[in-house]
Amino acid sequence: MSFDIQQVRADFPILSQAIYKRPLIYFDNAATTQKPLQVINAISDYYLHDNCNIHRGVHYLSVKATEAFEEARKEVREFINAPSTHEVIFTKGASESLNLVAASFGKKFLKEGDEVITTIMEHHSNFVPWQIICGEKGAVLRVANILPNGELDQEHLYSLITDRTKIIALTHVSNVLGTINPIKDIIAFAHGKGIPVVVDGAQGVSHIKVDVTDLDCDFYCFSGHKMYGPMGIGVLYGKEKWLEELPPYQSGGEMVKDVTIEKTTYNELPFKFEAGTPNVEGVMGLRAAVQYLKNLGMEEIHAYEDKLLKHAVERLSAIRDMRFFGTALLKASLVSFLIGDIHPFDAGTIIDKMGIAVRTGHHCAQPLIDHFGIPGTVRASFAFYNTIEEIDKLTDAVSRVKTMFS
Ligand code: PMP
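Here's what I pulled together on the structure shown here. (Residues numbered from 1 in each chain as written. Predicted model: local features only at pLDDT ≥ 70, side-chain atom pairs only at ≥ 80, totals over all residues. Heavy atoms only, no water.)

1. Thoughts on the nonpolar core
Stated formally: In plain words, nonpolar cores are sets of buried Ala, Val, Leu, Ile, Met, Phe, Trp, Tyr and Cys residues tied together by side-chain atoms within 4.5 Å. Residue exposure (1.4 Å probe, protein chains only): buried if accessible area is under 20% of the type maximum, exposed if over 50%, otherwise partly exposed. Residue ranges for the domains originate in an automatic or database domain assignment. Note on contacts: a residue pair qualifies if any of its non-hydrogen atoms lie within 4.5 Å across the two residues.
Residues Tyr220 and Phe384 are the most contacted members of the largest nonpolar core, which totals 99 residues. The residue makeup of this core includes at least three contributed by each of domain 1 (5–30 + 297–400) and domain 2 (41–294). Ignoring anything within four residues of it in the chain, the contact list for tyrosine 220 reads His172, Ile183, Val199, Gly201, Gly204, Val205, Val210, Val212, Leu215, Val235, Leu236 and Tyr237. If you look at the next biggest cluster of nonpolar residues, it comprises 25 residues, including Ile133, Val198, Leu236 and Trp242.

2. Quick notes on the pairing of strand 17 (residues 377–381)
The side chains of a regular strand alternate, first on one face of the sheet and then on the other. Note the following rule: Every helix listed is a DSSP run of H or I at least four residues long, and every strand listed is a run of E at least two residues long, numbered separately from the N terminus. Following DSSP output, two strands are said to pair if at least two bridges run between them.
Buried residues dominate strand 17, accounting for five of its five residues. Of the two faces of strand 17, the one lined by Thr377, Arg379 and Ser381 and the one lined by Val378 and Ala380 are each fully buried. Bridge analysis of strand 14 (residues 334–339) against strand 17 gives four bridges, and the strand direction is antiparallel. Following the sheet pairing, serine 336 is matched in strand 17 by arginine 379. In the sheet, strand 16 (residues 359–361) pairs with strand 17 via three bridges, with the strands oriented antiparallel.

3. Focus: unusual backbone geometry
Backbone torsion omega between leucine 269 and proline 270 reads 0°, so that peptide bond is classified as cis. Its identity as a non-glycine residue notwithstanding, glutamate 254 has a phi of 75°, on the positive side.

4. Remarks on helix 12 (residues 344–353)
Put simply, the rule is: By arc we mean the arc of the directions from the helix axis to the C-beta atoms, nothing more.
Of the residues making up helix 12, those classed as buried are Pro344, Ala347, Gly348, Ile350 and Ile351. Down the axis, helix 12 shows its buried residues gathered within 165° of arc, on one side only. Packing partners of the buried residues in helix 12 comprise strand 14, strand 15 (356–357), strand 16, strand 17 and helix 14 (388–405). Positive phi appears at glycine 355, one or two residues downstream of helix 12, with a value of about 90°.

The following block contains the structure:
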């Protein structure tokens, strides 16, 4: 391992507290990750020294804040290897990025009888916006299945493609199953049929080195808060040719070039999609998060998290009656499970009292949970600041739950 875990943990002061008189073990990283001091300091430095509205002032502070904001855009561009900074749009999160694509793409390109393909493993944020726009336009939403191990049924997805398919919306990594989808292959196949692909990367960017040029995706959406940055900031990457064609999602200041009583012309990219005063503090924090991840190295992060995952699977599998949801060959570092028939809320509540934060419920992926016919799962999702010892404590806690209910 090329990073020092104790040094890394020292960067995250929240992790060193005790809850219920036990050291906090934080395994709810798929919901949101904790923030290193570097991110917290970037936000407070911005307010201590540089706070100003951007893009419209000629004075010192406004120019400084604008330069920092646009520097951050360059760093995000480099982080995902987007061809141009024009293609990096700041939003308030993955949900807003996905809503933007669904609403603007749908408005321009969907008509009655057209089809949109998504998958059963999507988070509501990449499902409901498509359901809504399809409903408005009289288009049909087609849903690809999964295989029993939680991998996407690629053959089924391909069989849904018709000459009415206008776009495919799928997740890079499932927030419930951990499955890493072969999006590069799917994008190549879809492009062979002239169909664009929007990728929900909310669970992708924090675990995998993402290269949108290599993937050749048309859109890639993610949130700052799931990659050690602040809440309320996110990114939409979109190919310039699409972003030029899509109508604006919101309107107001900043996104306009010229406004007269008769008509408005729109600003150039990326500003056409950034109406109003942006979340500048969020962008400062996101920039620090990107720098933090770059310093650790995405390959190193992936390798370390994979070790955590393998250890968790090995230890938890040794407990009788464990039921796992999502055992794909290519998986990000999370485990979703039930302990026999014990309700996930009961299990989660008891595990919490042992100082361990896990998530329980449908994880905003109700169609998937319904597909399994279960009330939800317990989900433990790991980050690079977690340790093998913490996973051993989770195993002990799960065993304890089992004993209490038997
Ligand atoms: N997609 C996936 C796969 C997610 O896990 C989440 C967050 N749980 C989202 C989209 C939505 O992200 P946000 O709430 O940050 O907009």
